Amino acid sequence: MSAHAATAHTAHAHHDTSFVRTYVFSTDHKMIARQFLFMGLFMMIIGGLLALMVRWQLAWPETAVPGLSVILKDTGGILEPSTYNMAFTMHATIMIFFVIMPILAGAFGNFCIPLMIGARDMAFPTLNMLSFWVTATAGVIMLSGFFVEGGHAAAGWTSYAPLSAVPQYTGVNWGQNLWCIALFVMGIGSMMGSINYITTIINMRAPGMHLFRMPLVVWSLFITAILLLLALPVLTSAVAMLLFDRTLGTSWFAPSGGGEPLLWQHLFWYFGHPEVYILILPAMGIASEILPVFSRKPIFGYHAMAFSMIAIAFLSWIVYGHHMFVSGMSPSLGMAFTVTTMVIAVPSAIKTFNWLGTLWGGRIQFTVPMLFALGFVSMFVIGGLSGIFMASTPVDIYIQDTYFIVAHIHYVVFGGSIFGAFAGIYFWFPKMFGRMMNPLLGHLHFWSTFIFFNWTFFPMHIIGVGGQMRRIYNPMQYEFLQHQQHWNVFMTYGALMLGAGMILFVINFFWSLFAGKKAPLNPWNSNTLEWTAPSPPPHLNWGAHVPTVYRGPYEYSDPDAREDFLPQSQAPVGAGARRHH
Amino acid sequence: MYRDRPGRRARYTHGNTTLEIVWTIVPALILVVLTALSAPAWSKIKMTRPPSDFVVDVTAKQFNWQVKHPNSDKVFLDEMHVPVNKVIHVDLKSQDVIHSFFVPQFRVKQDAVPGRSIIAWFEVTKPGKYEWPCAELCGFGHSGMRGWIYVHSAEDYKKWAAENLTAETGGGAKK
């Protein structure tokens, strides 16, 4: 090991090591991963505070939000209907495009892909750097919308036309334009990243790393990258068309000029449904990585896991119409989309059963990443099952646009994607930053998140079935909703504590970054290649030789092996001579 | 049960094809049943609607429901009157953005899309006053865009119509 490190040092000593090249305009995939992670976590704070504003208004309508009078001087901290619409619009926009995508696809995609397939970097390191900076620019543009006259976009994250297409309808002018521009720029950044991921995985795998020896998280990121490459351009085009409608007088979506409002919905959801899987697939991959390590067992049904992800990716293109059952789209199409939506539940069920199969007979270690992975599986089951209600068209007529949908989406993207993201952060932190996170704070963070997440979001199913519409400013304006207002108060208490629990994570993250225990090479006794590189891995990841791969990634507790794990790169007995080729 | 304890080794298995087949087919069958249950109901609601001579013309706008009853041109705001036990067709239009016709107690919801005219229908079996919110975000006044649907007995409806709808003929059920 030390010999390797020495060669690496001399071989790459000539590299430019200026501060700017190392920390700002770095082409090193690991630094870019950290940049995406920091960006995502920073935006999560903004998105989370917006959510708390929304929750406050729903529980105690038209009372001053504590602390908000500093910003909303005119109203003394009380949200007006237009500010409220802006808050939930931007909460979702930020969480989806600037938190989950940068963390799951951006940070874990960049960190895991080269390290886990045995590549020294991405195929196009400069493009990779550009991808981050383009995405960061998009983030700045998106945030700038908060400071323009008329406020930020307020037509929902789905921005249904013609509400979003004609400025008079919302009273928002530049906010919505900047929303379009930011998503357009973000789409370009994401395209750069996805091309890079796909090329890297196809061309740059270490010797012996067949496709079916790849860790499932790499499979998930590979499939996500393909979805990103194909789905994001649809959004990019749609927001460009919307911007043209708003500024250049085209009329794609507004019927006054011959446009078609449903065209926006078709374009948006044609992107939007694959997008849902873009958000969840990497989390599925992370869970598939962590469950075997802490069960000390091979993943159950590796091939079924890989193929079910491929099936999900294909099916994700033909289910989007289930967002539009009551939109005025032809009812026969609705019938067809019911069938495809029911079908896509099958691969998700297969994955869930295989995760349970992995736990079965294992030797489970309840570490923090494992708890979050288990949390992911259980919350994803609830989110998946509530999805089936919506797939059934007659049921969907009633629950469409109610809090039942809000519950469902939060079980999938918070209980699913964000739990997956936390699992991944706790799991790879030692490799990413070379230090261990504090397990006690981690356990507290998990339990507060798990309890208050369910506290906040489970009752949404109940008030949704009770008929509460989403995106309403004040439920007390409706007689049929008044009797369930106590749930809104209950949920807001949960949301406040959920938010407070995140402080534990922030403390743990920054404290561990600077003062955490130094991480050993392989703290979790894991098999995959990233754990053979130093913590944190240097530029180009390994010394003189990249590792050679001899087996699949999940050889835990093999009865013929001495230890309960067998790293992918450990040469079989008698094959040691092949190692240095 | 499977918590890590010293001295115990995890079960070494890569999977089981029989199990994979079982847990593919069983959920698939359940979903086939759910689809089979959903499809006829959907078809009954949306694809073949019962005929009706009672057509109410509803045009949504920011932030009101504008209602025209059969045989009358008088526009009511946020107020609809219909007889009980009769199939009611609602001819839904919008003059600005997308709204959604939602009557929770009737389990009916249909978006009103500008540039289109979409028929929604319901039949109420109990007279009363029912809340009628808009279910699709339609701007800053979305919350509170709400009407009432009054369901009368046949005689009461006749009486109400005689008193409140203009007597002139020719308006009729438009379209």
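Nothing here was measured: the structure is a model prediction, and the numbers come from that model. Each chain has its residues counted from 1, following the order in which its sequence is written. To label them, take the chains in the order written and letter them from A, then take the ligands in the order written and number them from 1. pLDDT decides what is reported in this predicted model: residues at 70 or higher carry local features, side-chain atom pairs at 80 or more are listed and counted, and totals for whole chains, interfaces and linings draw on all residues regardless. With hydrogens and water set aside, each side-chain value is computed from the structure's full complement of heavy atoms.

**Thoughts on the interface of chain A and chain B**
By a frequent convention, interface size equals the accessible area lost on bringing the separate parts together. Chain A puts 82 residues into the contact, and the matching count from chain B is 63 residues. Accessible area, probed at 1.4 Å, shrinks when two parts are joined; the buried area is that loss added up over both. With both sides pooled, the region where chain A packs onto chain B buries about 5900 Å², and carbon together with sulfur makes up 64% of that total. Throughout this description, the term salt bridge denotes a Lys or Arg side-chain nitrogen within 4 Å of a carboxyl oxygen of Asp or Glu. Here chain A is connected to chain B by two salt bridges. For the salt bridge of D4 of chain B with R363 of chain A, the shortest nitrogen-to-oxygen distance reads 2.6 Å. Under this definition, polar contacts are N or O atom pairs within 3.5 Å; protein pairs additionally need one hydrogen-donor-capable and one acceptor-capable atom, and for neighbouring residues in sequence, both atoms have to be side-chain atoms. Counting across the chain A and chain B interface gives 29 residue pairs in polar contact (both at pLDDT 80 or more). Helix numbering and strand numbering both begin at the N terminus, where a helix is a DSSP run of H or I of at least 4 residues and a strand a DSSP run of E of at least 2. Elements with a minimum of two residues in the side of chain A that touches chain B: α4 (81–117), α6 (167–170), α9 (261–295), α10 (302–315), α11 (331–359), α13 (393–399) and α16 (479–482) of chain A. Top element by residues in the side of chain A that touches chain B is α11 of chain A. It accounts for 14 residues. We call Asp, Glu, Lys and Arg charged. Ala, Val, Leu, Ile, Met, Phe, Trp, Tyr, Cys and Pro are nonpolar, and the rest, Gly among them, are polar. Its residues placed into classes, the side of chain A that touches chain B shows 45 nonpolar, 24 polar and 13 charged. Note on contacts: a residue pair qualifies if any of its non-hydrogen atoms lie within 4.5 Å across the two residues.

**Digging into the sheet that holds strand β10 (residues 146–152) of chain B**
All names here are of chain B. Two strands form a pair only when DSSP identifies at least two bridges running between them. Taken in spatial order, the three strands of this open sheet run β4-β10-β9, and their pairing is mixed. Each edge of the sheet is formed by a strand with only one pairing partner; in this case those strands are β4 (79–83) and β9 (128–133). Looking at each pair of strands side by side, their axes are set apart by 25 degrees on average, direction ignored. Interaxial angles span 0 to 180 degrees and are taken between N-to-C directions of axes, which are lines fitted to C-alpha atoms, for helices over the stretch in contact.

**Some points on a nonpolar patch on the surface**
Residue and element names in this part refer to chain B. The patch calculation keeps residues exceeding 30% relative accessible area without a salt bridge and links them within 9 Å when they carry like charges or within 5 Å when they are nonpolar (Val, Leu, Ile, Met, Phe, Trp, Tyr). Only the protein chains shown count as cover for residues, and the accessible areas themselves come from Shrake-Rupley with a 1.4 Å probe. Taken together, the side chains of V22, V26, I30, V33, L34 and L37 define a hydrophobic patch exposed on the protein surface, amounting to about 510 Å² of accessible area. Here I30 shows up in helix α1 (residues 17–47). Type-normalised accessible area, obtained with a 1.4 Å probe on protein chains alone, sets the label of each residue: buried when under 20%, exposed when over 50%, and partly exposed for intermediate values. Overall, the relative accessible area of 48% leaves I30 in the partly exposed class.

**Focus: the sheet that holds strand β8 (residues 118–123) of chain B**
Residue and element names in this part refer to chain B. Judged by pairing direction, the sheet is mixed, and its five strands sit side by side in the order β3-β2-β1-β5-β8 without closing on themselves. Lying at the two open borders of the sheet, with one neighbouring strand each, are β3 (75–77) and β8. The sheet shows a mean angle of 30 degrees between the axes of neighbouring strands, direction not considered. Summarising the sheet, strand β5 (residues 87–94) and β8 pair through six bridges and their orientation is antiparallel. Across the sheet, residue L92 finds its bridge partner in β8, namely I118.

**Notes on the pairing of strand β7 (residues 108–112) of chain B**
In the case of a regular strand, side chains alternate between the two sheet surfaces. Most of β7 of chain B is tucked away: five of the five residues are buried. Following strand β6 (residues 99–103) of chain B, the chain reverses through four residues before pairing antiparallel with β7 of chain B; R107 of chain B in that reversal takes a positive phi of roughly 55 degrees.

**Focus: the environment of F427 of chain A**
Residues and elements named next belong to chain A. In this structure, F427 sits in helix α14 (residues 403–433). A relative accessible area of 0% means that F427 is categorised as buried. A C-alpha to C-alpha distance of 9.5 Å links F427 and P523, two positions 96 residues apart in sequence. Here F427 is in contact with I290, V293, F294, P369, W524, S526 and W531, once residues within four sequence places are set aside.

**Describing the pattern of salt bridges**
All chains considered together, the criterion is met by nine salt bridges over all chains. Its salt-bridge partner being R116 of chain B, residue E260 of chain A comes within 3.4 Å of it at the nearest N-O pair. Of the two residues, E260 of chain A is situated in the loop between α8 (216–247) and α9 and R116 of chain B in the loop between β7 and β8; the pairing between them involves two chains. The class of E260 of chain A is partly exposed, set by a relative accessible area of 30%. Owing to a relative accessible area of 27%, R116 of chain B belongs among the partly exposed residues under this scheme. For the salt bridge of R363 of chain A with D564 of chain A, the shortest nitrogen-to-oxygen distance reads 3.4 Å. You can see R363 of chain A sitting in the loop between α11 and α12 (368–391) and its partner D564 of chain A sitting in the segment after α17 (485–515), a full 201 residues away along the chain. For the residue pair R363 of chain A and D564 of chain A, the accessibility class agrees, reading buried in each case. Connected via shared salt-bridge partners are R296, R363 and D564 of chain A together with D4 of chain B.

**A closer look at the packing of aromatic side chains**
Residue and element names in this part refer to chain A. Note on aromatic contacts: the rings of Phe and Tyr and the six-membered ring of Trp form a pair at centre separations within 6.5 Å, being stacked when their planes are under 30 degrees apart, edge-to-face when over 60 apart, and tilted otherwise. Applying the stated criterion to the full structure yields 77 aromatic pairs over all chains. Each ring, one from Y84 and one from Y473, has its centre 5.6 Å from the other, and the planes form 75 degrees; the classification is edge-to-face. Within this pair, whereas Y84 is found in helix α4, its partner Y473 is found in the loop between α15 (439–465) and α16, the two being separated by 389 residues in sequence. Since its relative accessible area comes to 1%, Y84 is described here as buried. Measuring from centroid to centroid gives 4.9 Å for F446 and W447, while their planes differ by 75 degrees, and the two rings are edge-to-face.

**Let's talk about the domain arrangement of chain A**
Residues and elements named next belong to chain A. Where each domain starts and ends follows an automatic or database-derived domain assignment. Once the domains are mapped, chain A shows domain 1 (32–259) and domain 2 (267–518). Here the C-alpha centre of domain 2 lies 18 Å away from the C-alpha centre of domain 1. On the domain 2 side, the residues contacting the 60 residues of domain 1 number 62 residues. Interface area, domain 1 with domain 2, both sides summed: about 5400 Å², of which 79% is carbon and sulfur. Counting the surface domain 1 buries against domain 2, the share from its top three residues, R55, L216 and L227, is 14%. Taken together, the links from domain 1 to domain 2 amount to zero salt bridges. Scanning the region where domain 1 abuts domain 2 turns up 15 residue pairs in polar contact (both at pLDDT 80 or more).

**A few points about the confidence of the model for chain A**
All names here are of chain A. For chain A, the average pLDDT comes to 93, and 96% of its residues sit at 70 or higher. pLDDT under 50 marks residues 1–14. Its contacts with residues more than four places away, or in other chains, come to nine contacts. Looking at any residue, its pLDDT shows the predictor's confidence there, from 0 to 100. Confidence drops under pLDDT 50 across residues 576–581; counting only partners more than four residues distant or on other chains, this segment forms eight contacts.

**Describing the environment of G15 of chain B**
Along the chain, G15 of chain B turns up in the segment before α1. Separated by 13 residues in sequence, G15 of chain B and Y2 of chain B place their C-alpha atoms 18 Å apart. Sequence-distant contacts of G15 of chain B, defined by excluding residues within four places in its chain, comprise F300 and G301 of chain A.

**Observations regarding the nonpolar core**
In globular proteins that are soluble, nonpolar side chains generally tend to be buried together. Buried Ala, Val, Leu, Ile, Met, Phe, Trp, Tyr and Cys residues that are joined via side-chain atoms within 4.5 Å together make up what is termed a nonpolar core. Counting 223 residues, the largest nonpolar core has M80 and F101 of chain B as its most contacted members. Broken down by element, this core gets its largest block of residues, 25 residues, from α4 of chain A. Shared between two domains, this core holds at least three residues of each, these being domain 1 (32–259) and domain 2 (267–518) of chain A. Dropping the residues within four chain positions of it, M80 of chain B is found in contact with V56, V58, V67, H69, V90, F101, F122, W132, W148, I149 and Y150 of chain B.

**Some words on the side chain of T224 of chain A**
Residue and element names in this part refer to chain A. Inspection of the secondary structure puts T224 in helix α8. Looking at T224, the relative accessible area reads 1%, which means it is buried. Sequence-distant contacts of T224, that is, excluding residues within four places in its chain, are made with I278, L281 and P282.

**A few points about the environment of F222 of chain A**
Residues and elements named next belong to chain A. Looking at the element boundaries, F222 is found in helix α8. For F222, a relative accessible area of 12% corresponds to the buried category. Spatially, the C-alpha atom of F222 lies 6.7 Å from that of Y197, the residues being 25 residues apart in sequence.

**A look at unusual backbone geometry**
Omega for the peptide link from A161 of chain A to P162 of chain A comes to 0 degrees, which places this bond in the cis form. Of the consecutive residues S535 of chain A and P536 of chain A, the connecting peptide bond is found in the cis state with omega at -10 degrees. By the secondary structure assignment, P536 of chain A is in the segment after α17. Positive phi outside glycine occurs at D78 of chain B, with the angle close to 55 degrees. The topology assignment puts D78 of chain B in the loop between β3 and β4.

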